[in-house]
Amino acid sequence: MALRSGVRISKTVVLAVMAAIAAPVETRADDWPGWLGPARDGVYRESGIVEEIPEDGLPVKWRAQVAGGYAGPAVADRRVYVFDYLKNSGEAFNDPGTRATLDGEERLTAFDAESGEQLWQHAYTRPYSISYPAGPRCTPTVDGDRVYILGSEGDLRCLSTETGELVWSRSFQDDFGAEVPIWGFASHPLVDGDRLVCMVGGTGQGVVAFDKMTGEVIWKALDAKAGYAPASIIESGGTRQLIVFHPQAVVSLNPEDGSPYWDVPIAPSYEMSIARPMVEGNLLYASGIGEAAVMVELAEDRPAAEELWRGQGRRHALYASNCTPILAGGMIYGADCGKGTLVAASGDDGERLWETFEPIRPDEERRLSHGTAFLTRLGDSDRYLIFSEIGDLIIATLTPEGYQEHGRFHALEPTGDAFGRSVVWSHPAYAGRTAYARNDKEVVAVDLAE
């Protein structure tokens, strides 16, 4: 691990600490109803979690068989939802520039959160013609008595959480003539009030808001390709804003009607807008492959944004790919897709303070293309749950001074393939003092209670 000595406490850190002190206390959540948790911010707010992982590991509550996919589990109302793909025929291979042709079924399975018993399963036939065809990318989105899924080929479905019965469905290909991205649709559906917001792609329909109860279109906006990044809601400048990261820009829209507020150009290579732009206070950070990164200052009195700095080469900033970085305490923490290390960069100017392979592949010393570690912050602390690409669940402290590990547990085998190495590319869910993680063969429930 390379560590820069004499780290200064920046004005951004001071402002972030002051904002945290002044912020209202958030309700601790026991559910993880969608991607990155109930607030889509990668923060796990439940109390009573172990301080460190003992050498003999953590208790496993249960394991259950699943099929292939990158979609992380969702947990709500004592159910765990796993979205997968059961291949029936065709050759599945991982070539970043080639679509594989398969026949099979996309399936959503609901398990009992405590026992792992299968409660129901919803399946439909879906041929694949995508690169990296293991299965769905989008974590299910649970909202009350309904759960929403978006498959790799653009099948949007609303199901009953009680029975798995179909309530309504739309096809991005059939209903909108949308182009399927080479790596499949990957933008996790977002529930916002009565709307379900999705990245569809195309002229005038880069983003579409559906009536979440019926599937009818409420509004469409943007001439943009779908990309792979999820939409999110922020509160800034006294205004609720819908943040969209498409392959050419980060855009702010009025969530009520899709009208634009502001946009900042950023164009990752290969149209790989993937990681959610993260927000802390009045700062917003977006990044992607190809040394694309921008830090934006959000106006305090209106919905507007001003660029502060951009990435300046591979030794600067953090360039995220398939895992979203965390913006906390004026720092940016996350896996860099270029070198493959976990990086800490200053939010003030993007200067890298340290980097390490430890939470990704601890014995690695060379470049790892798209090295992956999924970070989840524990409340407002400097402690994190990290799920590595080799299936290790880690507790660690991340500060401007360095990386300190507090134990790890090998929860799953890496069953996927990427650039000649075995990986797990699926974000866990955390709920009920339990970590739920999946690979292409099983989902596991690991006890985190202290």
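Structure: above.
Residues numbered from 1 in each chain as written. Predicted model: local features only at pLDDT ≥ 70, side-chain atom pairs only at ≥ 80, totals over all residues. Heavy atoms only, no water.

1. Thoughts on the pairing of strand β26 (residues 331-335)
In plain terms, the rule: For each residue, the accessible area found with a 1.4 Å probe, counting protein chains only, is set against the maximum for its type, and the residue is called buried under 20%, exposed over 50%, and partly exposed in between. For the purposes of this entry, the term helix denotes a DSSP run of H or I that reaches at least four residues, the term strand denotes a run of E that reaches at least two, and both are numbered from the N terminus. In short, DSSP must find at least two bridges between two strands for them to pair.
A large share of β26 lies buried, amounting to 5 of its 5 residues. Neither face of β26 is open: one carries Met331, Tyr333 and Ala335, the other Ile332 and Gly334, and all of them are buried. Sheet topology note: the strand β25 (residues 326-328)/β26 ladder contains 3 bridges and is antiparallel. From the neighbouring strand, alanine 328 faces β26, where its bridge partner is methionine 331.

2. Here we look at unusual backbone geometry
Of note, glutamate 271 is a non-glycine position whose phi angle comes to about 60°, a positive value. Here glutamate 271 shows up in the loop between β20 (260-265) and β21 (278-280). Classification of glutamate 271 as partly exposed rests on a relative accessible area of 34%. Even without a glycine there, the phi angle at histidine 370 is positive, about 60°. Among the residues examined, histidine 370 registers a relative accessible area of 10% and is labelled buried.

3. Brief notes about the sheet that holds strand β37 (residues 442-447)
Applicable threshold: Fitted lines through C-alpha atoms serve as axes, helices being fitted only where they are in contact, and the angles separating the N-to-C directions of these axes extend from 0 to 180 degrees.
Strand order in the open sheet formed by 4 strands is β3-β37-β36-β35, and the pairing between neighbours is antiparallel. Across the chains shown, the open sheet's two edge strands, defined by having one partner strand only, are β3 (60-65) and β35 (429-431). On average, each strand axis in the sheet is tilted by 15° relative to the strand beside it, whichever way the strands run. Relative to β37, β3 is paired through 5 bridges, and the arrangement is antiparallel. Paired with arginine 63 across the bridge in β37 is valine 444.

4. Remarks on the sheet that holds strand β12 (residues 166-171)
With antiparallel pairing, the 4 strands of this open sheet are ordered in space as β9-β10-β11-β12. Two strands close off the open sheet at either side, each with one partner strand: β9 (141-143) and β12. Within this sheet the neighbouring strands show an average axis-to-axis angle of 15°, counted without direction. The pairing of strand β10 (residues 146-150) with strand β11 (residues 155-160) spans 5 bridges and is antiparallel. Bridge pairing in β11 places tyrosine 148 opposite cysteine 158.

5. Quick look at the side chain of threonine 109
We apply this condition: Whenever two N or O atoms come within 3.5 Å, that pair is a polar contact, provided that in protein one can donate a hydrogen and the other can accept it, and provided that, for residues adjacent in sequence, both atoms are side-chain atoms. By definition in these notes, contact holds between two residues if any of their heavy atoms fall within 4.5 Å.
Positionally, threonine 109 belongs in strand β6 (residues 100-112). Within the local environment of threonine 109, its side chain forms a polar contact with the side chain of glutamine 121, the two groups lying 2.8 Å apart. Not counting the four nearest positions on each side in its chain, threonine 109 is found in contact with Val80, Tyr81, Val82, Gln118, Trp120 and Gln121.

6. Observations concerning the pairing of strand β36 (residues 434-438)
Looking along a regular strand, one sees the side chains alternate between the two faces of the sheet. Counting buried residues along β36, 5 of its 5 residues qualify, which places the element largely inside the surrounding structure. Here β36 shows no split at all, with Thr434, Tyr436 and Arg438 on one side and Ala435 and Ala437 on the other all buried. Pairing of β35 with β36, which is carried by 3 bridges, proceeds in the antiparallel orientation. The residue of β36 that forms the bridge with tyrosine 430 is alanine 435. Taken together, the 5 bridges between β36 and β37 define a ladder with antiparallel strand orientation. Bridge pairing in β37 links arginine 438 to valine 443. Where β36 hands over to β37, the hairpin turn is made up of 3 residues, counted between the paired strands.

7. Describing the packing of aromatic side chains
Applicable threshold: Aromatic contacts are taken between Phe, Tyr and Trp rings whose centres are within 6.5 Å, Trp giving its six-membered ring; a plane angle under 30 degrees counts as stacked, one over 60 as edge-to-face, and the others as tilted.
The tally for this structure, following the rule as stated, stands at 18 aromatic pairs. Ring geometry for tyrosine 148 versus tryptophan 168: centroids 6.1 Å apart, planes at 50°, classification tilted. Of the two residues, tyrosine 148 sits in strand β10 while tryptophan 168 sits in strand β12, which places them 20 residues apart along the sequence. Grouping aromatic residues by their ring pairs yields a cluster made of Phe172, Phe176, Phe185 and Phe210.

8. Some points on the side chain of aspartate 84
Within the secondary structure, aspartate 84 sits in strand β5 (residues 79-90). A polar contact of 2.8 Å, which involves the side chain of aspartate 84, links it to the backbone nitrogen of alanine 67. Those residues in contact with aspartate 84 that sit more than four places away from it in its chain are Val66, Ala67, Gly68, Glu105, Glu106, Arg107, Pro136 and Arg438.

9. Notes on the nonpolar core
The condition is simple: In these notes, a set of buried Ala, Val, Leu, Ile, Met, Phe, Trp, Tyr and Cys residues joined through side-chain atoms within 4.5 Å is what counts as a nonpolar core.
Residues Tyr285 and Tyr430 are the most contacted members of the largest nonpolar core, which totals 83 residues. When residues of this core are assigned to their parent elements, the largest contribution, 5 residues, is made by strand β31 (residues 392-399). Contact partners of tyrosine 285, with chain neighbours within four places excluded, come to Arg276, Pro277, Met278, Ala293, Val294, Met295, Trp309, Ala317, Leu318, Leu327 and Ile332. Core analysis: the next-biggest nonpolar cluster, separate from the first, contains 34 residues, Val208, Leu242, Val251 and Leu253 among them.

10. Brief notes about the pattern of salt bridges
Which entries qualify depends on this criterion: When a carboxyl oxygen of Asp or Glu lies within 4 Å of a side-chain nitrogen of Lys or Arg, that pair is called a salt bridge.
Under the definition given, this model contains 27 salt bridges. Notably, a salt bridge pairs glutamate 271 with lysine 225, separated by 3.1 Å at the nearest N-O pair. Taken as a pair, glutamate 271 in the loop between β20 and β21 and lysine 225 in the loop between β16 (217-221) and β17 (232-236) lie far apart in primary sequence, 46 residues in all.

11. Quick notes on the environment of alanine 186
Here alanine 186 lies in the loop between α2 (172-176) and β13 (190-192). On the basis of relative accessibility, which here comes to 12%, the residue alanine 186 falls in the buried class. For the pair alanine 186 and aspartate 30, spaced 156 residues apart in the sequence, the C-alpha separation amounts to 26 Å.

12. What to know about the layout of surface pockets
If you roll a probe as big as a water molecule over the atoms, it shows you where there is empty space left. Just so we agree on the cut-off: We place a 1 Å grid over just the protein atoms. Points where a 1.4 Å probe fits but has no way out form a cavity, open points with protein on both sides within 12 Å along at least 5 of 7 lines form a pocket, and any residue with an atom within 4 Å of a point lines it. Grid points are joined across faces, edges and corners, and a volume is the space filled by probe spheres set on the points. When residues are grouped by polarity, Ala, Val, Leu, Ile, Met, Phe, Trp, Tyr, Cys and Pro land in nonpolar, Asp, Glu, Lys and Arg in charged, and all others, Gly among them, in polar.
What the second largest pocket holds in volume is close to 1,200 Å³. What lines the second largest pocket is a set of 48 residues, and nearest its centre among them are Met272, Ser321, Asn322, Cys337 and His370. Among the elements of the structure, β1 (2-3), β28 (352-356) and β29 (373-378) are those that each provide at least two residues to the lining of the second largest pocket. Residues that form the lining of the second largest pocket fall into these classes: 25 nonpolar, 13 polar and 10 charged.

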